[in-house]
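Single-letter residue listing:
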Amino acid sequence: MFLNMLCYLERLLTLLQKLKYIIMNTKNKGFNTKLVHAGSYEDQFGSAVTPIYQTSTFGFKNAQHGADCFAGKSDGFIYTRIGNPTIKAFEDAMAELENGFGGIATSSGMSAVTSVYMALLGQNEHIVCSGSIYGPSRGVLEQDFSRFGVQTTFIDTADLSQIESAIKENTKVLYIETPTNPTMQITDIAAASEIAHKHNVLVVVDNTFSSPYLQNPLDLGADVVLHSITKYINGHADVVGGVIVSKEEAIHNKIRHAMVYMGGNMDPHQAFLTQRGLKTLSIRMDKAQESAMKVAEYLEAHPKVEWIKYPGLKSHPQHELAKKQMRGFSSMISFGLKGGLEAGRTLMDNVHLSMLAVSLGGVESLIQHPASMTHAGMTPEGRAEADITDGLVRYSVGIEDVEDIISDLDQALAKV
Ligand code: LCS
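Because the structure is predicted, anything quoted here is derived from the model rather than measured.

Visitor: Describe the overall build of the protein, listing the residues and the values that go with them.
Guide: A count of helices and strands for the protein gives 16 helices and 12 strands. In terms of overall dimensions, the protein is globule-like: its C-alpha atoms have a radius of gyration of 22 Å, near the 22 Å expected for 416 residues. Based on the C-alpha atoms only, the size of the protein along its principal axes is roughly 80 × 50 × 35 Å. Buried residues in the protein amount to 55% of all 416 residues. Partitioning the contacts of the protein with sequence separation of at least 6, the portion at a separation of at least 24 is 72%.

Listed below in C-alpha coordinates is the structure:
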(Lines give C-alpha, C1' and ligand atoms only; values in the text may rest on other atoms or scores of the structure.)
Protein backbone atom coordinates (compact mmCIF):
# COMPACT_ATOMS: atom_id res chain seq x y z
CA MET A 1 0.00 0.00 0.00
CA PHE A 2 2.74 2.41 1.15
CA LEU A 3 4.88 1.44 -1.87
CA ASN A 4 1.96 2.05 -4.23
CA MET A 5 1.40 5.52 -2.73
CA LEU A 6 5.08 6.30 -3.18
CA CYS A 7 4.76 5.19 -6.80
CA TYR A 8 1.80 7.52 -7.39
CA LEU A 9 3.65 10.43 -5.74
CA GLU A 10 6.67 9.82 -7.97
CA ARG A 11 4.45 9.76 -11.05
CA LEU A 12 2.90 13.04 -9.95
CA LEU A 13 6.37 14.53 -9.55
CA THR A 14 7.35 13.31 -13.03
CA LEU A 15 4.18 14.87 -14.42
CA LEU A 16 4.95 18.18 -12.69
CA GLN A 17 8.49 18.12 -14.08
CA LYS A 18 7.07 17.44 -17.56
CA LEU A 19 4.65 20.32 -17.13
CA LYS A 20 7.54 22.61 -16.18
CA TYR A 21 9.44 21.40 -19.23
CA ILE A 22 6.44 22.12 -21.45
CA ILE A 23 6.11 25.64 -19.98
CA MET A 24 9.86 26.26 -20.41
CA ASN A 25 10.05 24.49 -23.76
CA THR A 26 12.34 25.85 -26.41
CA LYS A 27 10.22 24.91 -29.45
CA ASN A 28 9.40 28.52 -30.31
CA LYS A 29 12.83 29.89 -29.44
CA GLY A 30 15.72 30.80 -31.74
CA PHE A 31 18.30 28.29 -32.99
CA ASN A 32 21.04 29.34 -30.56
CA THR A 33 18.69 29.13 -27.59
CA LYS A 34 17.71 25.64 -28.73
CA LEU A 35 21.37 24.63 -29.04
CA VAL A 36 21.95 25.55 -25.42
CA HIS A 37 18.66 24.54 -23.81
CA ALA A 38 16.80 21.98 -25.93
CA GLY A 39 16.72 18.51 -24.42
CA SER A 40 17.74 19.54 -20.93
CA TYR A 41 15.85 18.25 -17.93
CA GLU A 42 15.98 19.26 -14.32
CA ASP A 43 17.25 16.69 -11.90
CA GLN A 44 16.79 16.65 -8.13
CA PHE A 45 20.01 18.70 -7.59
CA GLY A 46 19.27 21.32 -10.24
CA SER A 47 22.26 20.31 -12.40
CA ALA A 48 22.98 22.85 -15.14
CA VAL A 49 23.60 20.03 -17.61
CA THR A 50 22.13 16.55 -17.91
CA PRO A 51 24.31 14.26 -15.78
CA ILE A 52 25.93 11.10 -17.17
CA TYR A 53 23.64 8.24 -16.17
CA GLN A 54 26.39 5.65 -16.45
CA THR A 55 24.19 2.65 -15.84
CA SER A 56 23.30 -0.38 -17.92
CA THR A 57 19.90 -0.98 -16.33
CA PHE A 58 17.16 0.76 -14.29
CA GLY A 59 15.30 -0.66 -11.28
CA PHE A 60 11.52 -0.91 -11.53
CA LYS A 61 9.33 0.29 -8.65
CA ASN A 62 7.42 -2.98 -8.68
CA ALA A 63 6.43 -5.76 -11.05
CA GLN A 64 3.53 -3.75 -12.50
CA HIS A 65 5.80 -0.78 -13.19
CA GLY A 66 8.26 -3.10 -15.02
CA ALA A 67 5.43 -4.57 -17.09
CA ASP A 68 4.08 -1.04 -17.84
CA CYS A 69 7.52 0.14 -19.00
CA PHE A 70 7.80 -2.79 -21.40
CA ALA A 71 4.24 -2.29 -22.62
CA GLY A 72 4.95 1.38 -23.28
CA LYS A 73 2.33 2.46 -20.72
CA SER A 74 4.92 4.13 -18.47
CA ASP A 75 7.76 6.48 -19.37
CA GLY A 76 10.37 4.81 -17.17
CA PHE A 77 13.76 3.77 -18.50
CA ILE A 78 14.44 0.03 -18.83
CA TYR A 79 17.92 -0.73 -20.14
CA THR A 80 20.50 1.58 -21.72
CA ARG A 81 20.48 -0.12 -25.15
CA ILE A 82 16.77 0.78 -25.28
CA GLY A 83 17.02 4.22 -23.68
CA ASN A 84 18.85 6.29 -21.07
CA PRO A 85 18.23 9.84 -19.71
CA THR A 86 21.59 11.24 -20.92
CA ILE A 87 21.10 9.79 -24.38
CA LYS A 88 17.46 10.92 -24.48
CA ALA A 89 18.44 14.51 -23.65
CA PHE A 90 20.71 14.58 -26.71
CA GLU A 91 18.10 12.83 -28.90
CA ASP A 92 15.41 15.33 -27.89
CA ALA A 93 17.73 18.25 -28.61
CA MET A 94 18.47 16.89 -32.10
CA ALA A 95 14.78 16.23 -32.82
CA GLU A 96 14.07 19.85 -31.98
CA LEU A 97 16.98 21.22 -34.02
CA GLU A 98 15.96 19.18 -37.08
CA ASN A 99 12.22 19.83 -36.58
CA GLY A 100 11.38 16.13 -36.43
CA PHE A 101 9.22 13.79 -34.39
CA GLY A 102 12.08 12.13 -32.51
CA GLY A 103 15.80 11.47 -32.40
CA ILE A 104 17.73 8.21 -32.21
CA ALA A 105 21.36 8.42 -31.09
CA THR A 106 23.73 5.74 -32.37
CA SER A 107 27.22 4.42 -31.64
CA SER A 108 28.64 5.87 -34.87
CA GLY A 109 27.52 7.64 -38.02
CA MET A 110 27.73 4.29 -39.82
CA SER A 111 25.43 2.78 -37.20
CA ALA A 112 22.93 5.55 -38.06
CA VAL A 113 23.29 4.80 -41.79
CA THR A 114 22.96 1.00 -41.42
CA SER A 115 20.04 1.25 -38.94
CA VAL A 116 18.17 3.32 -41.52
CA TYR A 117 18.99 0.88 -44.35
CA MET A 118 18.00 -2.07 -42.13
CA ALA A 119 14.71 -0.49 -41.09
CA LEU A 120 13.57 0.79 -44.47
CA LEU A 121 14.80 -1.90 -46.89
CA GLY A 122 14.04 -5.59 -47.34
CA GLN A 123 14.74 -8.49 -49.66
CA ASN A 124 14.21 -7.65 -53.34
CA GLU A 125 13.68 -4.00 -52.51
CA HIS A 126 15.57 -1.19 -54.15
CA ILE A 127 17.36 1.99 -53.04
CA VAL A 128 18.42 4.87 -55.26
CA CYS A 129 21.50 6.53 -53.89
CA SER A 130 23.86 9.45 -54.61
CA GLY A 131 26.96 7.88 -56.17
CA SER A 132 29.46 10.10 -54.40
CA ILE A 133 28.72 9.56 -50.72
CA TYR A 134 30.89 8.61 -47.77
CA GLY A 135 32.73 5.43 -48.91
CA PRO A 136 31.31 2.95 -46.33
CA SER A 137 27.72 4.27 -46.74
CA ARG A 138 28.03 3.11 -50.35
CA GLY A 139 30.27 0.09 -49.66
CA VAL A 140 27.88 -1.48 -47.13
CA LEU A 141 25.12 -1.50 -49.78
CA GLU A 142 27.43 -2.93 -52.46
CA GLN A 143 29.13 -5.55 -50.31
CA ASP A 144 26.74 -6.39 -47.47
CA PHE A 145 23.09 -5.44 -48.04
CA SER A 146 23.41 -6.91 -51.56
CA ARG A 147 23.93 -10.34 -49.89
CA PHE A 148 20.43 -10.03 -48.40
CA GLY A 149 18.84 -9.19 -51.74
CA VAL A 150 18.80 -5.38 -51.49
CA GLN A 151 19.28 -3.77 -54.89
CA THR A 152 21.01 -0.40 -55.33
CA THR A 153 21.28 2.08 -58.17
CA PHE A 154 23.90 4.81 -57.77
CA ILE A 155 23.22 8.00 -59.67
CA ASP A 156 24.08 11.67 -59.61
CA THR A 157 21.16 12.90 -57.50
CA ALA A 158 22.12 16.49 -58.35
CA ASP A 159 20.69 15.67 -61.80
CA LEU A 160 16.96 15.36 -61.02
CA SER A 161 16.15 13.57 -64.28
CA GLN A 162 18.38 10.68 -63.15
CA ILE A 163 16.24 10.27 -60.00
CA GLU A 164 13.04 9.95 -61.99
CA SER A 165 14.50 7.35 -64.33
CA ALA A 166 16.24 5.32 -61.58
CA ILE A 167 13.06 4.77 -59.53
CA LYS A 168 11.52 1.32 -60.09
CA GLU A 169 8.40 -0.53 -58.87
CA ASN A 170 10.30 -1.89 -55.85
CA THR A 171 12.15 1.32 -54.91
CA LYS A 172 11.64 2.17 -51.24
CA VAL A 173 14.30 4.78 -50.47
CA LEU A 174 16.03 7.70 -52.12
CA TYR A 175 19.26 8.30 -50.19
CA ILE A 176 20.94 11.67 -50.63
CA GLU A 177 24.09 13.19 -49.22
CA THR A 178 24.25 16.95 -49.78
CA PRO A 179 26.87 18.34 -50.08
CA THR A 180 28.46 15.01 -50.97
CA ASN A 181 31.62 13.67 -49.39
CA PRO A 182 34.07 14.46 -50.97
CA THR A 183 32.90 15.89 -54.30
CA MET A 184 30.77 18.70 -52.79
CA GLN A 185 27.83 18.10 -55.12
CA ILE A 186 24.54 19.57 -54.03
CA THR A 187 21.12 17.99 -54.53
CA ASP A 188 17.93 20.02 -54.48
CA ILE A 189 16.25 18.32 -51.51
CA ALA A 190 12.80 19.85 -52.11
CA ALA A 191 12.70 18.92 -55.80
CA ALA A 192 14.17 15.44 -55.21
CA SER A 193 11.61 14.79 -52.43
CA GLU A 194 8.76 15.81 -54.69
CA ILE A 195 9.86 13.29 -57.33
CA ALA A 196 10.39 10.51 -54.77
CA HIS A 197 7.06 11.09 -53.01
CA LYS A 198 5.19 10.86 -56.32
CA HIS A 199 6.37 7.23 -56.35
CA ASN A 200 5.83 6.60 -52.61
CA VAL A 201 9.58 6.50 -52.05
CA LEU A 202 10.97 7.71 -48.71
CA VAL A 203 13.71 10.34 -48.75
CA VAL A 204 16.71 10.03 -46.42
CA VAL A 205 19.29 12.83 -46.25
CA ASP A 206 22.75 12.56 -44.72
CA ASN A 207 23.13 16.12 -43.39
CA THR A 208 26.62 15.63 -41.89
CA PHE A 209 28.36 18.24 -44.07
CA SER A 210 25.87 21.01 -43.23
CA SER A 211 24.63 20.28 -39.69
CA PRO A 212 21.15 21.51 -38.67
CA TYR A 213 22.58 25.02 -38.32
CA LEU A 214 22.88 25.37 -42.09
CA GLN A 215 20.25 23.01 -43.50
CA ASN A 216 17.07 21.26 -42.31
CA PRO A 217 16.19 18.50 -44.80
CA LEU A 218 12.90 17.61 -43.05
CA ASP A 219 11.64 21.16 -43.63
CA LEU A 220 12.51 20.75 -47.32
CA GLY A 221 10.48 17.55 -47.71
CA ALA A 222 12.77 14.70 -46.59
CA ASP A 223 11.38 11.97 -44.32
CA VAL A 224 14.55 11.10 -42.41
CA VAL A 225 17.74 13.06 -41.69
CA LEU A 226 20.89 11.55 -40.26
CA HIS A 227 24.31 12.73 -39.13
CA SER A 228 27.70 11.46 -38.23
CA ILE A 229 27.90 13.53 -35.02
CA THR A 230 31.63 12.73 -35.07
CA LYS A 231 31.84 15.82 -37.31
CA TYR A 232 30.31 19.29 -36.80
CA ILE A 233 27.75 18.37 -34.14
CA ASN A 234 30.27 17.20 -31.56
CA GLY A 235 33.03 19.14 -33.25
CA HIS A 236 35.96 18.37 -30.96
CA ALA A 237 37.44 15.18 -32.48
CA ASP A 238 36.84 13.24 -29.28
CA VAL A 239 33.63 11.30 -29.98
CA VAL A 240 32.43 8.94 -32.72
CA GLY A 241 28.65 8.77 -32.96
CA GLY A 242 25.53 9.26 -35.03
CA VAL A 243 21.95 10.45 -34.86
CA ILE A 244 18.77 9.92 -36.88
CA VAL A 245 15.72 12.20 -36.84
CA SER A 246 12.47 11.19 -38.55
CA LYS A 247 9.54 13.39 -39.45
CA GLU A 248 6.85 10.82 -38.65
CA GLU A 249 6.32 8.69 -35.56
CA ALA A 250 5.79 5.44 -37.52
CA ILE A 251 9.13 5.75 -39.36
CA HIS A 252 10.88 6.79 -36.15
CA ASN A 253 9.55 3.65 -34.39
CA LYS A 254 10.64 1.40 -37.24
CA ILE A 255 14.18 2.78 -37.18
CA ARG A 256 14.37 2.70 -33.39
CA HIS A 257 13.36 -0.96 -33.45
CA ALA A 258 16.17 -1.77 -35.92
CA MET A 259 18.72 0.22 -33.91
CA VAL A 260 17.74 -1.30 -30.55
CA TYR A 261 17.57 -4.89 -31.84
CA MET A 262 20.89 -4.60 -33.67
CA GLY A 263 22.47 -2.93 -30.64
CA GLY A 264 23.73 0.22 -32.31
CA ASN A 265 23.01 2.56 -29.38
CA MET A 266 25.08 5.52 -28.27
CA ASP A 267 26.59 5.28 -24.81
CA PRO A 268 25.78 7.80 -22.03
CA HIS A 269 29.28 9.27 -21.89
CA GLN A 270 29.29 9.74 -25.68
CA ALA A 271 25.90 11.48 -25.42
CA PHE A 272 27.12 13.78 -22.64
CA LEU A 273 30.20 14.89 -24.60
CA THR A 274 28.19 15.29 -27.80
CA GLN A 275 25.58 17.49 -26.17
CA ARG A 276 28.39 19.61 -24.70
CA GLY A 277 29.86 20.01 -28.19
CA LEU A 278 26.45 20.71 -29.71
CA LYS A 279 25.91 23.83 -27.58
CA THR A 280 28.64 25.72 -29.50
CA LEU A 281 27.76 24.42 -32.99
CA SER A 282 26.74 27.78 -34.43
CA ILE A 283 29.73 29.75 -33.20
CA ARG A 284 32.17 27.05 -34.32
CA MET A 285 30.44 26.81 -37.70
CA ASP A 286 30.36 30.60 -38.19
CA LYS A 287 34.10 30.84 -37.57
CA ALA A 288 34.99 27.78 -39.67
CA GLN A 289 32.90 28.79 -42.68
CA GLU A 290 34.14 32.37 -42.63
CA SER A 291 37.69 31.02 -42.77
CA ALA A 292 36.75 28.39 -45.37
CA MET A 293 35.63 31.14 -47.73
CA LYS A 294 39.04 32.83 -47.38
CA VAL A 295 40.94 29.55 -47.79
CA ALA A 296 38.82 28.71 -50.88
CA GLU A 297 39.51 32.12 -52.41
CA TYR A 298 43.23 31.71 -51.69
CA LEU A 299 43.32 28.25 -53.29
CA GLU A 300 41.25 29.31 -56.30
CA ALA A 301 43.75 32.07 -57.07
CA HIS A 302 46.82 29.84 -56.54
CA PRO A 303 48.65 28.98 -59.80
CA LYS A 304 49.28 25.37 -58.72
CA VAL A 305 45.60 24.63 -58.09
CA GLU A 306 43.90 23.09 -61.12
CA TRP A 307 40.33 23.03 -59.81
CA ILE A 308 38.44 23.67 -56.57
CA LYS A 309 34.94 22.91 -55.32
CA TYR A 310 33.52 24.96 -52.47
CA PRO A 311 29.78 25.79 -52.47
CA GLY A 312 30.52 29.37 -51.41
CA LEU A 313 32.52 30.12 -54.57
CA LYS A 314 30.67 31.45 -57.60
CA SER A 315 32.60 28.88 -59.65
CA HIS A 316 30.78 26.03 -57.86
CA PRO A 317 28.26 24.68 -60.40
CA GLN A 318 25.48 24.69 -57.78
CA HIS A 319 26.39 27.89 -55.95
CA GLU A 320 22.88 29.31 -56.49
CA LEU A 321 21.21 26.15 -55.21
CA ALA A 322 23.52 26.17 -52.16
CA LYS A 323 22.46 29.77 -51.45
CA LYS A 324 18.80 28.80 -51.70
CA GLN A 325 18.93 25.57 -49.70
CA MET A 326 21.64 26.23 -47.10
CA ARG A 327 22.08 29.09 -44.63
CA GLY A 328 25.87 29.04 -45.12
CA PHE A 329 28.46 27.07 -47.06
CA SER A 330 30.08 25.03 -44.24
CA SER A 331 33.82 24.48 -44.19
CA MET A 332 34.64 21.55 -46.49
CA ILE A 333 36.76 22.16 -49.60
CA SER A 334 37.83 19.74 -52.33
CA PHE A 335 40.53 20.62 -54.81
CA GLY A 336 43.08 19.17 -57.22
CA LEU A 337 46.61 20.34 -57.99
CA LYS A 338 48.07 20.67 -61.46
CA GLY A 339 50.52 17.82 -60.77
CA GLY A 340 47.65 15.43 -59.84
CA LEU A 341 48.17 12.76 -57.18
CA GLU A 342 51.95 13.27 -56.80
CA ALA A 343 51.53 17.00 -56.24
CA GLY A 344 48.73 16.34 -53.74
CA ARG A 345 50.95 13.89 -51.84
CA THR A 346 53.76 16.46 -51.64
CA LEU A 347 51.29 19.00 -50.28
CA MET A 348 49.97 16.59 -47.64
CA ASP A 349 53.49 15.58 -46.59
CA ASN A 350 54.52 19.18 -46.06
CA VAL A 351 51.69 20.73 -44.05
CA HIS A 352 52.46 21.38 -40.39
CA LEU A 353 49.44 23.05 -38.81
CA SER A 354 46.87 21.17 -40.88
CA MET A 355 46.69 17.63 -39.58
CA LEU A 356 46.96 14.83 -42.14
CA ALA A 357 43.96 12.87 -40.92
CA VAL A 358 40.51 11.63 -41.90
CA SER A 359 37.30 12.89 -40.27
CA LEU A 360 36.12 16.48 -40.61
CA GLY A 361 34.08 19.24 -39.04
CA GLY A 362 36.19 19.58 -35.90
CA VAL A 363 37.89 22.62 -34.40
CA GLU A 364 41.20 21.59 -35.99
CA SER A 365 41.96 21.83 -39.72
CA LEU A 366 42.41 18.45 -41.40
CA ILE A 367 43.68 17.44 -44.82
CA GLN A 368 43.27 14.00 -46.44
CA HIS A 369 43.28 12.06 -49.71
CA PRO A 370 39.88 10.35 -50.31
CA ALA A 371 40.99 7.91 -53.06
CA SER A 372 43.55 6.24 -50.76
CA MET A 373 41.86 6.97 -47.43
CA THR A 374 38.13 7.62 -46.75
CA HIS A 375 36.96 6.25 -50.10
CA ALA A 376 39.62 3.54 -50.58
CA GLY A 377 37.03 0.83 -49.85
CA MET A 378 35.07 1.73 -52.98
CA THR A 379 35.88 -0.01 -56.24
CA PRO A 380 38.04 2.04 -58.66
CA GLU A 381 35.05 1.97 -61.08
CA GLY A 382 32.78 3.28 -58.32
CA ARG A 383 35.20 6.12 -57.58
CA ALA A 384 35.50 6.98 -61.27
CA GLU A 385 31.71 6.98 -61.66
CA ALA A 386 31.37 9.20 -58.57
CA ASP A 387 34.09 11.57 -59.85
CA ILE A 388 36.43 10.90 -56.91
CA THR A 389 39.63 11.35 -58.88
CA ASP A 390 43.07 10.27 -57.62
CA GLY A 391 44.15 13.90 -57.53
CA LEU A 392 41.31 15.07 -55.24
CA VAL A 393 42.50 16.50 -51.91
CA ARG A 394 39.93 17.26 -49.19
CA TYR A 395 40.38 20.00 -46.63
CA SER A 396 38.26 20.53 -43.51
CA VAL A 397 38.76 24.10 -42.30
CA GLY A 398 38.89 24.41 -38.51
CA ILE A 399 38.65 27.39 -36.20
CA GLU A 400 42.34 28.32 -35.95
CA ASP A 401 43.36 31.81 -37.14
CA VAL A 402 42.79 31.79 -40.88
CA GLU A 403 46.12 33.56 -41.53
CA ASP A 404 47.88 30.57 -39.95
CA ILE A 405 45.88 28.07 -42.02
CA ILE A 406 46.68 29.91 -45.25
CA SER A 407 50.34 30.38 -44.40
CA ASP A 408 50.61 26.63 -43.65
CA LEU A 409 49.08 25.77 -47.05
CA ASP A 410 51.23 28.41 -48.71
CA GLN A 411 54.53 27.03 -47.45
CA ALA A 412 53.46 23.45 -48.36
CA LEU A 413 52.30 24.51 -51.85
CA ALA A 414 55.69 26.20 -52.39
CA LYS A 415 57.29 22.75 -52.06
CA VAL A 416 55.03 21.20 -54.73
N1 LCS B 1 28.21 10.18 -43.35
C2 LCS B 1 29.17 11.04 -43.76
C3 LCS B 1 28.79 12.13 -44.72
C4 LCS B 1 30.47 10.92 -43.30
O5 LCS B 1 31.37 11.81 -43.73
C6 LCS B 1 30.80 9.87 -42.41
C7 LCS B 1 32.18 9.69 -41.90
C8 LCS B 1 29.79 8.99 -42.00
C9 LCS B 1 28.50 9.18 -42.48
C10 LCS B 1 30.05 7.87 -41.03
O11 LCS B 1 30.25 8.39 -39.76
P12 LCS B 1 31.15 7.73 -38.61
O13 LCS B 1 30.70 6.32 -38.46
O14 LCS B 1 32.57 7.80 -39.05
O15 LCS B 1 30.83 8.56 -37.43
N16 LCS B 1 33.15 10.39 -42.64
C17 LCS B 1 34.44 10.31 -42.46
C18 LCS B 1 35.35 10.99 -43.27
O19 LCS B 1 35.10 11.65 -44.27
N20 LCS B 1 36.57 10.79 -42.79
O21 LCS B 1 36.56 9.92 -41.72
C22 LCS B 1 35.19 9.56 -41.43
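Past the structure itself, the notes keep going.
Visitor: Explain the site of the ligand to me, using residue names and the numbers behind them.
Guide: In the neighbourhood of the ligand, 18 residues make up the surrounding shell, with Met110, Asp206, Ser228, Thr230 and Arg394 lying closest. Within the backbone of Ser359, one N or O atom sits 2.8 Å away from a nitrogen atom of the ligand. Measuring from an oxygen atom of the ligand, one finds a side-chain N or O atom of Arg394 at 2.7 Å. For the ligand, whose accessible area on its own is 480 Å², the fraction buried by protein is 93%. When the residues that make up the shell around the ligand are grouped by side-chain class, the tally is 5 nonpolar, 9 polar and 4 charged. Built from parts of two domains, the shell around the ligand gets at least three residues from each of domain 1 (1-279) and domain 2 (281-413).

Visitor: Summarise the pairing of strand β9 (residues 332-337); cite the residues concerned and give the values.
Guide: Summarising burial for β9: 6 of the 6 residues are buried, a large majority. Both faces of β9 are covered, namely the face carrying Met332, Ser334 and Gly336 and the face carrying Ile333, Phe335 and Leu337. Note that strand β8 (residues 305-309) and β9 share 4 bridges and pair antiparallel. Looking at β9, one finds that Ile308 is bridged to Phe335. Two strands pair when backbone bridges link them, and β9 and strand β12 (residues 392-396) are joined in this way by 5 bridges, in the antiparallel orientation. Residue Met332 lies in a different strand from β12, and its bridge partner there is Ser396.

Visitor: Please set out helix α5 (residues 109-120) residue by residue, giving values where relevant.
Guide: Its 12 residues place the ends of α5 17 Å apart at the C-alpha level, agreeing with the 16 Å of an ideal helix rising 1.5 Å per residue. Looking at α5, one finds that the buried residues are Gly109, Ser111, Ala112, Val113, Thr114, Ser115, Val116, Tyr117, Ala119 and Leu120.

Visitor: Explain unusual backbone geometry to me, using residue names and the numbers behind them.
Guide: With omega at -10°, the peptide bond leading from Thr178 into Pro179 counts as cis. Locating Pro179 in the fold gives a position in the loop between β4 (171-177) and α8 (189-198). The amide bond that connects Asn181 to the next residue, Pro182, takes the cis arrangement and shows omega of 5°. Within the secondary structure, Pro182 sits in the loop between β4 and α8. Positive phi outside glycine occurs at Ser330, with the angle close to 60°. Residue class for Ser330 comes out buried when judged on its relative accessible area of 2%.

Visitor: Explain the sheet that holds strand β2 (residues 126-130) residue by residue, including any values.
Guide: Ordered in space as β1-β7-β6-β5-β4-β2-β3, the 7 strands form an open sheet in which the pairing is mixed. The open sheet terminates on both sides in strands that have one partner only, identified here as β1 (102-106) and β3 (151-155). Neighbouring strand axes in the sheet, compared pairwise and without regard to direction, differ in orientation by 20° on average. Note that β2 and β3 share 5 bridges and pair parallel. If you follow Val128 over to β3, its bridge partner there is Thr153. Sheet strands in contact with α5 are β1, β2, β4, β5 (202-206), β6 (224-228) and β7 (242-246), and its direction is about 155° off that of β6. Here helix α6 (residues 135-143) sits on the sheet and contacts β2, β3 and β4; the angle it forms with β3, its principal contact strand, is near 140°.

Visitor: Which residues make up the environment of Glu142, and what values do they have?
Guide: For Glu142, the position within the fold is in helix α6. Given a relative accessible area of 28%, Glu142 falls into the partly exposed group. Along the chain, Glu142 and Ala48 lie 94 residues apart, while their C-alpha atoms are 46 Å from each other.

Visitor: Could you give an account of the packing of α5 against helix α10 (residues 249-262), naming the residues involved and the relevant values?
Guide: Between α5 and α10, the shortest axis-to-axis distance is 8 Å and the interhelical angle comes to 115°. Viewed along their axes, α5 and α10 form a crossing whose handedness is right-handed. Seen from α5, the contacting residues are Thr114, Ser115, Val116, Met118, Ala119 and Leu120; seen from α10, they are Ile251, Lys254, Ile255, Ala258, Met259 and Met262.

Rules used in this analysis
- Residues numbered from 1 in each chain as written.
- Predicted model: local features only at pLDDT ≥ 70, side-chain atom pairs only at ≥ 80, totals over all residues.
- Heavy atoms only, no water.
- Helix = DSSP H or I, 4+ residues; strand = E, 2+ residues; numbered from the N terminus.
- Rg over C-alpha atoms; globule rule 2.2 N^0.38 Å.
- Buried < 20%, exposed > 50% of the residue type's maximum accessible area, 1.4 Å probe, protein only.
- Contact = heavy atoms within 4.5 Å.
- Near = heavy atom within 4 Å.
- Polar contact = N/O pair within 3.5 Å; in protein donor to acceptor, adjacent residues only side chain to side chain.
- Areas by Shrake-Rupley, 256 points an atom, 1.4 Å probe, with all protein chains shown as cover.
- Nonpolar A, V, L, I, M, F, W, Y, C, P; charged D, E, K, R; others polar.
- Domains from an automatic or database assignment.
- Pairing = 2+ DSSP bridges.
- Expected span 1.5 Å × (residues − 1).
- Axes fitted to C-alpha atoms, helices over the stretch in contact; angles between N-to-C directions.
- Left-handed = near helix turned anticlockwise from the far one by under 90°.

From the geometry alone we can't say anything about function, so treat these as descriptive.
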